[in-house]
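# Architecture at a glance
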There are 2 protein chains.
Amino acid sequence: MRVLGVDPGLTRCGIGVVEAGGGRSVGFVAVGVARSGPDEPLERRLLAVADEVERWVERHRPDVVAVERVFSQHNVRTVMGTAQASGVVALVAARAGLPVAFHTPSEVKAAVTGEGRAGKAQVTAMVTKVLGLDAPPRPADAADALALAICHCWRSPMIDRMAAAQARAEELAATHRARLEQARRDAGGDRPSAAEQWAAARAGAQARSAGGWGAVGGARPRFR
Amino acid sequence: MRVLGVDPGLTRCGIGVVEAGGGRSVGFVAVGVARSGPDEPLERRLLAVADEVERWVERHRPDVVAVERVFSQHNVRTVMGTAQASGVVALVAARAGLPVAFHTPSEVKAAVTGEGRAGKAQVTAMVTKVLGLDAPPRPADAADALALAICHCWRSPMIDRMAAAQARAEELAATHRARLEQARRDAGGDRPSAAEQWAAARAGAQARSAGGWGAVGGARPRFR
């Protein structure tokens with residue numbers, strides 16, 4: 001699985017590509033930064049970012065694009081530009097028919113360093129080590145893009161297992177509900193018995209709790 | 001001047017087109033809403049919005065796209081999706097070679113109703129009246145998109161005048177500085193006199209104050 005990670009931004013947008021091997025082995029493919037001038041109109045800046053990411057997608061043909069999930073607790077002015085940049089990156093991926101995975105900064109830090117509050121230097125050091133690079137990738141946005149791609153390689157099997165478990169639980173619950181319905185019809189009654197109502201409620205609760213578990217970390221469990 | 005106004009959003013993205021006539025006359029061209037399902041992956045939703053806006057741009061050939069400037073003081077979850085949608089709308093405009101103008105909600109309300117804190121109903125009523133429509137445009141997102149387009153028609157001449165004034169002031173200041181420089185060289189001295197320094201500082205301050213005035217309302221003064 002080849003992953004293109006993007007740390008969205010207008011002034012500097014980090015882009016990194018890695019290839020997942022067996023287990024936790026991840027190979028380095030490429031890293032770079034898309035830039036746009038702060039004095040350019042916003043739409044031209046977004047175009048510069050979109051065009052560059054499009055070139056990377058064409059050149060490296062990833063299977064999935066991993067993008068940092070933007071939060072608004074940071075600087076209000078900056079975060080809007082970052083959100084807009086992440087929107088155009090997701091659009092470029094969708095136009096190329098690629099799925100997009102969003103990971104929060106703390107998910108990335110936790111996946112790469114084992115610590116959700118790790119600092120920039122720690123993340124860069126782990127990225128350098130994991131990918132066996134001779135020197136740390138510069139600037140920090142480039143290292144962050146690689147960290148995102150690594151995070152996706154390591155998180156997606158877990159997300160897949162959760163999705164599979166959720167699908168199984170939903171299937172079980174549906175079968176259960178169908179059987180109860182059938183039993184009710186066979187008994188000729190219009191209203192379910194107290195035992196049937198309890199069993200149906202239990203099946204529903206199981207499906208819901210599996211759903212809640214599958215959604216841990218806010219990730220959408222739909223990647224292979 | 002034909003203006004395509006967009007009230008960005010993922011669930012409902014309002015799109016409206018108007019044609020500016022002489023003075024404050026504005027003609028209605030078209031209005032609609034792009035929609036995407038809340039259960040779809042984010043990148044597919046952004047794609048749906050981008051594709052629809054692209055179709056509108058191709059069909060109605062606007063001269064400029066006016067988009068609501070998104071602030072983060074609202075619901076954090078919603079605002080990120082709205083910012084991402086506004087990003088892809090700006091990208092679609094840029095790809096079509098069109099300039100994008102951002103107007104804040106209060107600039108739109110002030111332009112259309114004369115009151116920056118006007119309610120939805122008031123804005124819709126004014127849009128209906130200004131465009132001479134038989135019935136108010138529905139849903140509110142559609143009315144908001146038309147309000148944005150009308151706002152742009154009425155604000156852009158003012159923004160242009162400000163930009164022209166700023167350009168003139170900068171030109172004057174540059175001429176002034178060049179003359180002082182020449183005078184200094186003619187006098188054969190390496191260092192400017194106190195009077196020359198004062199005059200240069202004054203020319204700079206004039207240019208800066210004109211710049212500040214041109215930037216009133218946070219708009220980028222670059223529309224014709």
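Residues numbered from 1 in each chain as written. Chains lettered and ligands numbered in written order. Predicted model: local features only at pLDDT ≥ 70, side-chain atom pairs only at ≥ 80, totals over all residues. Heavy atoms only, no water.

For clarity, the threshold we go by: UniProt positions are given in the numbering used here, feature names are shortened, and annotations may be inferred rather than shown by experiment.
An unreviewed UniProt entry annotates chain A as Crossover junction endodeoxyribonuclease RuvC originating from Pseudonocardia spirodelae. As recorded by UniProt, the Catalytic activity (unreviewed entry) comment attached to chain A reads in full: "Endonucleolytic cleavage at a junction such as a reciprocal single-stranded crossover between two homologous DNA duplexes (Holliday junction)."

### Observations regarding the sheet that holds strand E1 (residues 2-7) of chain B
Residue and element names in this part refer to chain B. To be explicit about the condition: Note on pairing: two strands pair once DSSP finds at least 2 bridges between them. Helix numbering and strand numbering both begin at the N terminus, where a helix is a DSSP run of H or I of at least 4 residues and a strand a DSSP run of E of at least 2. Angular values range over 0 to 180 degrees, each being the angle between N-to-C directions of two axes fitted as lines to C-alpha atoms, with helices fitted over their stretch in contact.
Strand order in the open sheet made by the five strands is E3-E2-E1-E4-E5, with mixed pairing throughout. Two strands in the sheet have a free side with no partner beyond their single neighbour: strand E3 (26-35) and strand E5 (100-103). Sheet twist, expressed as the mean angle between neighbouring strand axes with direction ignored, is 20°. With six bridges joining them, E1 and strand E2 (residues 12-20) adopt antiparallel strand pairing. Residue pairing for E2: arginine 2 is matched across the bridge by glutamate 19.

### Structural notes on the UniProt feature "binding site: Mg(2+) 2" (unreviewed entry) in chain A
All names here are of chain A. Using the following cut-off: Partly exposed residues are those whose accessible area sits between 20% and 50% of the maximum for their type, while under 20% is buried and over 50% is exposed, using a 1.4 Å probe and protein chains only. In what follows, residue pairs with any heavy atoms lying within 4.5 Å of each other are defined as contacts.
Feature annotation in UniProt places "binding site: Mg(2+) 2" (unreviewed entry) on Glu68, given in this structure's numbering. The residue glutamate 68 is located in strand E4 (residues 64-68) in this model. The class for glutamate 68 is partly exposed, based on a relative accessible area of 21%. Non-local contacts of glutamate 68, meaning those with residues more than four positions away in its chain, are made with Val6, Asp7, Pro8, Phe102, His103, Pro105 and Leu148.

### Here's the deal with the packing of aromatic side chains
Stated precisely, the cut-off is as follows: Stacked, edge-to-face and tilted are the three classes for Phe, Tyr and Trp ring pairs, Trp counted by its six-membered ring, which pair at centre distances within 6.5 Å; planes under 30 degrees apart are stacked, over 60 edge-to-face, the rest tilted. Whether a charge lies above a ring is judged from NZ of Lys or CZ of Arg, which has to be within 6 Å of the ring centre and within 35 degrees of the ring normal.
Taken as a whole, this structure holds zero aromatic pairs over all chains when the rule is applied. Over the ring of Trp154(B) we find Arg24(B), and its NZ or CZ is 3.7 Å from the ring centre.

### Side note on the state of the cysteines
All names here are of chain A. Under the convention used in this document: Cysteine sulfurs are considered disulfide-paired once they come within 2.5 Å of each other.
Per the counting criterion, the structure on display carries zero disulfides over all chains. A disulfide-free cysteine, cysteine 153 has its sulfur positioned 8.9 Å from the sulfur of cysteine 151, the nearest such atom. With relative accessibility at 6%, the residue cysteine 153 sits in the buried group.

### Digging into the nonpolar core
What tends to happen in soluble globular proteins is that the nonpolar side chains get buried as a cluster. To be explicit about the condition: For this analysis, a nonpolar core means a set of buried residues of the types Ala, Val, Leu, Ile, Met, Phe, Trp, Tyr and Cys, connected via side-chain atoms within 4.5 Å.
Formed by 58 residues in total, the largest nonpolar core has its most connected members in Leu4(A), Val65(A), Leu4(B) and Val65(B). Counting 21 residues, the second-largest nonpolar core is a separate cluster that includes Val18(A), Leu133(A), Ala149(A) and Ile150(A).

### Brief notes about the relation of the copies chain B and chain A
Under the convention used in this document: A residue counts toward the fit only if its pLDDT is at least 70 in both copies, and the copies are then superposed by least squares on the C-alpha atoms of those residues.
Once turned by 180° and shifted 0.1 Å along the axis, chain B lies on chain A with an RMSD of 0.1 Å. Those values place the two copies in the arrangement expected of a two-fold rotation axis. Looking at the rotation axis and the C-alpha trace of chain B, the residue lying nearest is Gln84(B), at 2.2 Å. Of all interface residues in chain B, 100% are interface residues in chain A too; the two copies therefore contact each other through one and the same surface.

### Considering the sheet that holds strand E2 (residues 12-20) of chain A
Residues and elements named next belong to chain A. Taken in spatial order, the five strands line up as E3-E2-E1-E4-E5 in an open sheet, and their pairing is mixed. The strands lining the two open edges of the sheet, one partner per strand, are strand E3 (26-35) and strand E5 (100-103). Here the strands of the sheet are splayed against their neighbours by 20° on average, with no regard to which way each runs. Inspection of the sheet shows E2 paired to E3 by nine bridges, in the antiparallel sense. Looking across to E3, one finds that glycine 16 is bridged to valine 31. Strand contacts of helix H5 (residues 140-187): strand E1 (2-7), E2, E3, E4 and E5, with the helix running at about 40° to E2, the strand carrying the most contacts.

### Points about helix H1 (residues 42-60) of chain A
Stated formally: For a helix, the expected span equals 1.5 Å multiplied by the residue count minus one.
With 19 residues, H1(A) ought to run about 27 Å at 1.5 Å a step, and its terminal C-alpha atoms sit 27 Å apart, in line with that. Backbone geometry just after H1(A) places Arg61(A) at a positive phi near 45°.

### A few points about the side chain of Glu52(B)
Residues and elements named next belong to chain B. As a reminder of what qualifies: The term polar contact refers here to a pair of N or O atoms within 3.5 Å; inside protein, the definition further demands a hydrogen-donor-capable atom paired with an acceptor-capable atom, and it admits residues adjacent in sequence only when both atoms are side-chain atoms.
Mapped onto the fold, glutamate 52 is located in helix H1 (residues 42-60). A polar side-chain atom of glutamate 52 sits 2.7 Å from a polar atom in the side chain of arginine 55. Leaving out residues up to four positions away in the same chain, glutamate 52 has contacts with Ile15 and Ala34.

### A few points about the interface of chain B and chain A
Quick note on the threshold: Buried area: the accessible area, evaluated with a 1.4 Å probe, that two parts lose upon being put together, summed over both parts. For salt bridges, the criterion is a side-chain nitrogen of Lys or Arg within 4 Å of an Asp or Glu carboxyl oxygen.
Tallying the contact residues gives 31 residues for chain B and 32 residues for chain A. Regarding the contact of chain B and chain A, the summed buried area is about 2,500 Å², with carbon and sulfur atoms giving 61% of it. The partner of Arg95(A) in a salt bridge is Asp51(B), with the nearest N and O atoms 2.7 Å apart. The interface formed by chain B and chain A includes six residue pairs in polar contact (both at pLDDT 80 or more).

### What to know about the pattern of salt bridges
A complete count under the given rule lists 18 salt bridges over all chains for this structure. Here Asp144(A) makes a salt bridge to Lys120(A), at a shortest N to O gap of 2.6 Å. Of this pair, Asp144(A) sits in helix H5 while Lys120(A) is found in helix H4 (residues 120-130), placing the two residues 24 residues apart along the sequence. Residue class for Lys120(A) comes out exposed when judged on its relative accessible area of 51%. Asp141(B) is paired through a salt bridge with Arg12(B); the nearest N and O atoms lie 2.9 Å apart. Of the two residues, Asp141(B) sits in helix H5 (residues 140-187) while Arg12(B) sits in strand E2, which places them 129 residues apart along the sequence. Since its relative accessible area comes to 36%, Arg12(B) is described here as partly exposed. Several salt bridges share partner residues, and in doing so they unite Asp51(A), Glu54(A) and Arg95(B) into one network.

### Side note on the confidence of the model for chain A
Put simply, the test is: Scored from 0 to 100, pLDDT reflects the predictor's confidence in each residue.
Overall, the predicted model of chain A reaches an average pLDDT of 86, with 82% of residues at or above 70. Here residues 211-224 of chain A is modelled with pLDDT under 50, and outside its nearest four sequence neighbours on either side it reaches 35 contacts, counting other chains as well.

### As for the UniProt feature "active site" (unreviewed entry) in chain A
Residues and elements named next belong to chain A. If you check UniProt for "active site" (unreviewed entry), the listed places come out as Asp7, Glu68 and Asp141 in our numbering. A maximum C-alpha distance of 11.1 Å among these annotated residues, which run over 135 residues, shows that they cluster at one spot. In contact with aspartate 141, other than residues within four places in its own chain, are Asp7, Arg12 and Gly14.

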